[in-house]
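Below, each chain spelled out in residue letters.
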Amino acid sequence: MNPDYSGTHRLNAAFQDRFVVVEMDYPKIKDEVKILAQKTGMKDEELLTKMVKVAHETRKEFRNEKITVTFSTRKLIFWAEMCRVFTPAKAFKYAVLNKLPKEDVKPVMDIASIIFPEPEFRNTLTYKERD
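Now for a quick tour of the structure.

Parameters and conventions
Residues numbered from 1 in each chain as written. Predicted model: local features only at pLDDT ≥ 70, side-chain atom pairs only at ≥ 80, totals over all residues. Heavy atoms only, no water. Helix = DSSP H or I, 4+ residues; strand = E, 2+ residues; numbered from the N terminus. Buried < 20%, exposed > 50% of the residue type's maximum accessible area, 1.4 Å probe, protein only. Contact = heavy atoms within 4.5 Å. Areas by Shrake-Rupley, 256 points an atom, 1.4 Å probe, with all protein chains shown as cover. Core = buried A, V, L, I, M, F, W, Y, C linked by side-chain atoms within 4.5 Å. Salt bridge = Lys/Arg side-chain N within 4 Å of Asp/Glu carboxyl O. Axes fitted to C-alpha atoms, helices over the stretch in contact; angles between N-to-C directions. Parallel < 35°, antiparallel > 145°, perpendicular 65-115°, else oblique. Left-handed = near helix turned anticlockwise from the far one by under 90°. Nonpolar A, V, L, I, M, F, W, Y, C, P; charged D, E, K, R; others polar.

## Quick notes on the overall build of the protein
Per the secondary structure count, the protein includes seven helices and zero strands. Secondary structure of the protein in N-to-C order comes out as α-α-α-α-α-α-α. Summarising its shape, the C-alpha atoms of the protein cover approximately 55 × 40 × 25 Å along the three principal directions. Of all 131 residues assigned to the protein, the portion counted as buried reaches 36%. Sequence separation of at least 24 residues holds for 58% of the intrachain contacts in the protein that already meet a minimum separation of 6. Of the roughly 8,900 Å² of accessible surface on the protein, a fraction of 52% belongs to carbon and sulfur atoms.

## Section: the nonpolar core
Soluble globular proteins: nonpolar side chains tend toward being buried together. Counting 35 residues, the largest nonpolar core has Met51, Val54, Trp79 and Phe92 as its most contacted members. Of all the secondary-structure elements, those providing two or more residues to this core are helix H2 (29-40), helix H3 (45-63), helix H4 (73-82), helix H5 (88-95) and helix H6 (102-115). Looking at this core element by element, the count peaks at seven residues for H3. Setting aside chain neighbours within four positions, we find Met51 in contact with Leu76, Trp79, Ala80, Cys83 and Phe116.

## A look at the pattern of salt bridges
Applying the stated criterion across every chain, the model contains four salt bridges. Between Lys50 and Glu118 there is a salt bridge, with its nearest N and O atoms 2.7 Å apart. With Lys50 in helix H3 and Glu118 in the loop between H6 and helix H7 (119-124), this pair connects stretches of sequence that are 68 residues apart. On the basis of relative accessibility, which here comes to 34%, the residue Glu118 falls in the partly exposed class.

## Comments concerning the side chain of Ser113
Relative to the assigned elements, Ser113 resides in helix H6. Ignoring sequence-local partners within four residues, the contact set of Ser113 consists of Arg122 and Leu125.

## Focus: the packing of H3 against H6
Relative placement of two packed helices is described by the angle separating their axes and the distance separating the axes. In the contact formed by H3 and H6, the axes pass within 9 Å of each other and the chain directions differ by 140°. Between H3 and H6, the angle falls in the class oblique. Remark: the crossing between H3 and H6 carries right-handed chirality. Contacts from Lys50, Lys53, Val54, Glu57, Thr58 and Glu61 in H3 reach Val108, Ile111, Ala112 and Ile115 in H6. For the contact of H3 with H6, a count of residues per class yields five nonpolar, one polar and four charged.

Shown next, in the form of structure tokens:
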């Protein structure tokens with residue numbers, strides 16, 4: 001059960017009483033970088049660290065209820081795997097931005113643009129309004 005996760009519903013008390021509830025947080029930045037490196041084989045620790053920082057900042061915005069979705073480790077792994085084929089910016093656009101609800105695109109894009117200030121990254125993330 002993910003009670004605060006978008007699209008989930010709270011279990012009724014009778015059903016919930018049958019389970020042990022464990023609250024878990026995301027790994028620390030350095031640990032999540034190691035996970036990404038192990039899962040994807042990427043060796044660029046600087047790039048992986050920046051990617052994880054984007055996820056961590058996005059999660060903060062989610063906890064502060066400024067956006068409606070969080071940034072899973074699974075999504076990070078997918079973004080990293082897409083970097084095998086695309087630049088990190090294009091991979092981010094295809095693996096992350098294009099899957100977000102419309103109202104979350106700009107805030108998440110802004111987070112990434114701060115952590116990846118390179119002009120190439122920002123130019124790739126130009127956003128066109130979706131219908």
